[in-house]
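# Descriptive structure summary
Here are the chains, one letter per residue:
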Amino acid sequence: MAGWSTGDIPDQSGRVAVVTGANSGIGYVTARELARRGARVVLACRSERRGAEAGDRLVTEVPGADVEYARLDLGDLASVREFASRLPYGRLDLLVNNAGVMALPYGTTEDGFERQFGVNHLGHFALTGLLLPVLLRTPGARVVTVSSLMHAVAGIDLADLNSERRYRRWLAYSRSKSANLLFTHELARRLAAHGADMVAAAAHPGYAATNLQAAGPRMAGRRIAERVMGLGNRLVAQSADAGALPTLYAATAPGVAPDSFTGPSLAGWRGAPVPSWRAPWTVSDPMGQLLWAASERLTGVSYDALGA
């Protein structure tokens with residue numbers, strides 16, 4: 001891993017990748033670098049305008065890139081189902097569950113779930129389950145889910161998954177990121193039990209400058225907090241290009257272990273990809289199984305291809 005960079009990404013020719021939230025930030029860089037190495041990349045984004053603009057920008061940066069936009073709103077399970085049903089390829093080598101929201105004012109998805117839990121976890125849980133048959137048909141497929149070191153603030157609360165009793169924006173965000181890691185853990189366990197030639201892994205970007213940090217304060221009308229976030233991005237954060245390296249490593253490097261968690265080398269903050277610390281509750285089999293059962297019930301998506 002030492003010094004790993006985009007120059008170490010293996011040839012991706014003939015591979016098909018879906019990257020959620022690929023219109024900006026970590027997702028855009030991930031999609032661009034996969035396309036640069038020859039992958040056919042689907043930019044799965046909620047906004048048609050921003051998705052199309054990202055595709056145009058990517059082709060300008062990588063002439064001849066094989067990219068396309070497809071609408072996906074992770075806060076609307078009907079949209080998730082439509083996206084999965086319309087994916088036209090007979091193979092899917094890589095699914096990058098990257099899209100997310102951070103520390104927003106309280107709100108709900110189209111299906112009534114607390115927005116951060118609904119988008120960051122349930123939307124990706126449903127998407128992965130609906131795409132599972134084509135992933136299993138593709139030798140060596142990978143699912144990479146982007147979490148955060150903020151997961152360390154809190155584990156999930158099975159009695160209040162939708163923060164109905166009490167909502168604190170950062171607590172809800174941290175719980176959704178713990179859910180990402182528990183999902184990866186349980187998916188990896190089930191894939192191993194099934195004998196599947198498929199890897200589920202996770203990554204986090206450290207502190208990377210994207211538009212994610214300012215979205216919550218902007219929506220809440222908290223101008224000072226928005227400025228503080230912007231200042232932090234300029235003075236402290238690493239670039240989105242650097243922040244995407246752990247995701248790209250987990251997605252493409254040979255020998256990535258199931259249920260691994262990759263992040264930046266310098267205190268999990270910035271630097272080249274290395275194995276990252278994770279909270280013990282994110283590798284709990286009982287908690288993973290309980291979250292899985294609740295996620296199947298809430299989304300209506302069952303992973304039948306993996307059995308019970």
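Residues numbered from 1 in each chain as written. Predicted model: local features only at pLDDT ≥ 70, side-chain atom pairs only at ≥ 80, totals over all residues. Heavy atoms only, no water.

### A short note on the packing of helix α1 (residues 25-36) against helix α9 (residues 245-252)
Keep this limit in mind: Axis geometry follows a simple rule: fit a line to the C-alpha atoms, using only the stretch in contact for helices, then measure angles between N-to-C directions, giving values from 0 to 180 degrees. Secondary structure is summarised from DSSP: a helix means a run of H or I of at least four residues, a strand means a run of E of at least two, and numbering begins at the N terminus for each. With respect to orientation, any angle under 35 degrees is reported as roughly parallel, any angle over 145 as roughly antiparallel, any angle of 65 to 115 as roughly perpendicular, and every other angle as oblique. In this scheme the crossing of two helices becomes right-handed for a clockwise turn of the near helix relative to the far one and left-handed for an anticlockwise turn of less than a right angle. Contact definition: two residues touch when any of their heavy atoms are within 4.5 Å. Throughout, the ten residues Ala, Val, Leu, Ile, Met, Phe, Trp, Tyr, Cys and Pro are labelled nonpolar, Asp, Glu, Lys and Arg are labelled charged, and all others, Gly among them, are labelled polar.
Remark: α1 packs on α9, axes separated minimally by 9 Å, with the N-to-C direction vectors making an angle of 45°. Viewed along their axes, α1 and α9 adopt a mutual orientation that is oblique. Pair α1 / α9 crosses with right-handed handedness. Residue-level contacts link Ile 26, Thr 30, Glu 33 and Leu 34 of α1 to Thr 247, Leu 248 and Thr 252 of α9. When its residues are assigned to classes, the contact of α1 with α9 shows three nonpolar, three polar and one charged.

### Description of the side chain of Ser 147
Defined as follows: Within 3.5 Å is the distance limit for a polar contact, defined as a pair of N or O atoms, with the added protein rule that one can donate a hydrogen and the other accept it, and that residues adjacent in sequence qualify only through two side-chain atoms.
Position of Ser 147 relative to the elements: it lies in the loop between β5 (141-146) and α5 (169-194). Separated by 2.9 Å, the side chain of Ser 147 and the backbone oxygen of Lys 177 make a polar contact. Apart from the residues within four sequence positions on either side, Ser 147 is in contact with Lys 177, Asn 180, Leu 181, Ala 203, His 204, Pro 205 and Phe 261.

### Observations regarding helix α3 (residues 77-86)
To be explicit about the condition: We call a residue buried when its accessible area falls under 20% of the maximum for its residue type, exposed when it is over 50%, and partly exposed in between, using a 1.4 Å probe and counting protein chains only. The directions from the helix axis to the C-beta atoms are what the arc is built from.
Residues Leu 77, Ser 79, Val 80, Phe 83 and Ala 84 constitute the buried set of α3. Burial along α3 is one-sided: seen end-on, the buried residues are contained in an arc of 155°. Seen from the buried face of α3, the exposed residues on the opposite side, beyond 90 degrees, are Ala 78, Ser 85 and Arg 86. A distance of 3.1 Å separates the backbone nitrogen of Ala 78 from a side-chain oxygen at the start of α3, and that oxygen is part of Asp 76.

### Notes on the pairing of strand β2 (residues 40-45)
For clarity, the threshold we go by: Here, strands pair whenever DSSP counts at least two bridges between them. Crossovers are described as right-handed under a simple rule: with the strands pointing away from the observer, the path leading from the first strand over the helix to the second runs clockwise.
Most of β2 sits out of view: five of its six residues are buried. Looking at chain direction, strand β1 (residues 16-20) and β2 are connected through five bridges and run parallel. Within the sheet, the bridge partner assigned to Thr 20 lies in β2 and is Ala 44. Since β1 and β2 lie parallel, the crossover through α1 that links them has a hand, and here it is right-handed. Between the parallel elements β2 and strand β3 (residues 66-71), the chain passes through helix α2 (residues 48-61) in a crossover that is right-handed.

### Overview of the layout of surface pockets
Cut-off, in case you're wondering: The pocket and cavity definitions rest on a 1 Å grid over protein atoms only: a 1.4 Å probe that fits but cannot leave marks a cavity, an open set with protein on both sides within 12 Å along at least five of seven lines marks a pocket, and residues lining either have an atom within 4 Å of a point. Grid points are joined across faces, edges and corners, and a volume is the space filled by probe spheres set on the points.
Considering only enclosed or pocket space, the second largest pocket measures out at about 200 Å³ in volume. For the second largest pocket, the full set of lining residues is Val 42, Glu 68, Tyr 69, Ala 70, Arg 71, Ser 79, Glu 82, Phe 83, Arg 86, Leu 87 and Pro 88. Put simply, the parts of the chain that give the lining of the second largest pocket at least two residues each are β3 and α3. Along the lines of polarity and charge, the residues of the lining of the second largest pocket split into six nonpolar, one polar and four charged.

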